[in-house]
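Listed here are the chains, written in short residue letters.
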Amino acid sequence: MVLADLTAGAVADAERRALTRPLAEVEAAALARPAAKDALAALAPSERVKIIAEVKRASPSRGALADIPDPAHQAALYETGGASAISVLTEERRFGGSLADLEAVTSRVSLPVLRKDFIATRYQVLEARAAGADLVLLIVAGLDAPVLRDLYGFVRELGMTPLVETHSADELEAAIDLGAPLIGVNARDLTTLELDRDLFGRLVDRIPAGTVRIAESAVLTPADVAHYRGAGADVVLIGEALVTGDPVATLTSFLEVGV
């Protein structure tokens, strides 16, 4: 399974980092950070669609996308273009990201920032806060139920907001049981890398009122944003289309159709 391999690799990399930066040191750095930004307020439903813009160099499904030598500059362009939050992929092996990218972005922008990675340990959550992240991605399919619940609680304990990602009705129920205020539906099945752009539309009615509904993946054109908005998305998370073109112009075109 692709997801299992990605998660195992991310955990192994975190364990390697812990050899030189012990948990106690990371925890102290995390607790010394100013309070996390209010991601729920930034992403709250409005008359227009909102966009989480992603700093993303590569992916297992598409390979290399963009060099992005200055991730902080990329994120600043997203902020200029009207994004409501920034996502930073920090996974090293297949996505070409790093915690240094996350730190650079959080030091540059005023928007809430998501650490997007394959999070499976408390150490990784502490790393996220120590680097300035305001949100942390938790993928239901990659975590046993007790671990998911523990990490969800720990993210909130540190003052951050969990973005709970789902890809099926059962996973969505698990996210709802947590009381997650931000729920993502990923069109890409991370176990097979196959896409189903209509999955969000089939699941959205199950998401409780008051929950921020986020559509992820399969967005390349304004029509794709319109498709998700028409299905009921409050927020769309976009990566590839923004790193392979003019980010400000692309964001502007996406926001214009997402009413």
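For the structure itself, look to the data block above.
When helix H12 (residues 247-257) is considered as a whole, its buried residues turn out to be Pro-247, Thr-250, Leu-251, Phe-254 and Leu-255. For H12, the arc enclosing every buried residue in end-on projection is 130 degrees, short of the 170-degree limit, so these residues lie on one face. Buried residues belonging to H12 abut strand S1 (50-55), helix H4 (71-81), helix H10 (222-231), strand S10 (235-238) and helix H11 (240-243). Two or three places before Val-248, at the start of H12, stands the capping residue Asp-246, its side-chain oxygen 3.0 Å from that residue's backbone nitrogen.

What follows is about the pattern of salt bridges. Evaluated as defined, the whole model comprises 16 salt bridges. Note that Arg-16 and Glu-92 form a salt bridge whose closest N and O atoms lie 3.1 Å from each other. Remark: Glu-92 occurs in the loop between strand S4 (85-89) and helix H5 (99-106) and Arg-16 occurs in helix H1 (residues 2-20); sequence separation between them is 76 residues. A salt bridge links Arg-115 to Glu-127, with the nearest nitrogen and oxygen atoms 3.3 Å apart. Of this pair, Arg-115 sits in strand S5 (residues 113-116) while Glu-127 sits in helix H6 (residues 122-130), placing them 12 residues apart in sequence. For the pair shown, Arg-115 and Glu-127 are each scored as buried. Taken together, the shared-partner salt bridges connect Asp-13, Arg-16, Arg-17, Glu-92, Arg-93, Arg-115, Asp-117 and Glu-127 into one network.

Residues Tyr-78, Ile-86, Leu-138 and Ile-238 are the most contacted members of the largest nonpolar core, which totals 67 residues. Non-local contacts of Leu-138, meaning those with residues more than four positions away in its chain, are made with Ile-119, Leu-143, Leu-148, Leu-151, Tyr-152, Val-155, Pro-162, Leu-163, Val-164 and Glu-165. In terms of nonpolar packing, the next biggest core, distinct from the first, is built from 21 residues, Leu-43, Ala-85, Ile-139 and Leu-182 among them.

Take the packing of H1 against H6 next. Interaxial distance between H1 and H6 falls to 10 Å at its minimum, and their mutual angle equals 70 degrees. By the angle between their directions, the pair H1 and H6 is classed as roughly perpendicular. Judged by residue contacts, Ala-10, Val-11, Ala-14, Arg-17 and Ala-18 of H1 engage Tyr-123, Gln-124 and Glu-127 from H6. Residues belonging to the contact of H1 with H6 are distributed by class as follows: five nonpolar, one polar and two charged.

Our focus in this paragraph is the pairing of S1. Residues in a regular strand project their side chains so that they alternate between the two faces of the sheet. Where burial is concerned, most of S1 is hidden: six out of the six residues are buried. Because side chains alternate across S1, one face comprises the buried residues Lys-50, Ile-52 and Glu-54, and the other comprises Ile-51, Ala-53 and Val-55, equally buried. Pairing analysis gives four bridges linking S1 to S10, with the strands arranged parallel. The residue bridging Ile-51 from the neighbouring strand is Val-236, located in S10.

The rules we used
Residues numbered from 1 in each chain as written. Predicted model: local features only at pLDDT ≥ 70, side-chain atom pairs only at ≥ 80, totals over all residues. Heavy atoms only, no water. Buried < 20%, exposed > 50% of the residue type's maximum accessible area, 1.4 Å probe, protein only. Helix = DSSP H or I, 4+ residues; strand = E, 2+ residues; numbered from the N terminus. Arc of directions from axis to C-beta. Contact = heavy atoms within 4.5 Å. Polar contact = N/O pair within 3.5 Å; in protein donor to acceptor, adjacent residues only side chain to side chain. Salt bridge = Lys/Arg side-chain N within 4 Å of Asp/Glu carboxyl O. Core = buried A, V, L, I, M, F, W, Y, C linked by side-chain atoms within 4.5 Å. Axes fitted to C-alpha atoms, helices over the stretch in contact; angles between N-to-C directions. Parallel < 35°, antiparallel > 145°, perpendicular 65-115°, else oblique. Nonpolar A, V, L, I, M, F, W, Y, C, P; charged D, E, K, R; others polar. Pairing = 2+ DSSP bridges.

None of the figures reported here should be taken as evidence of function without further support.
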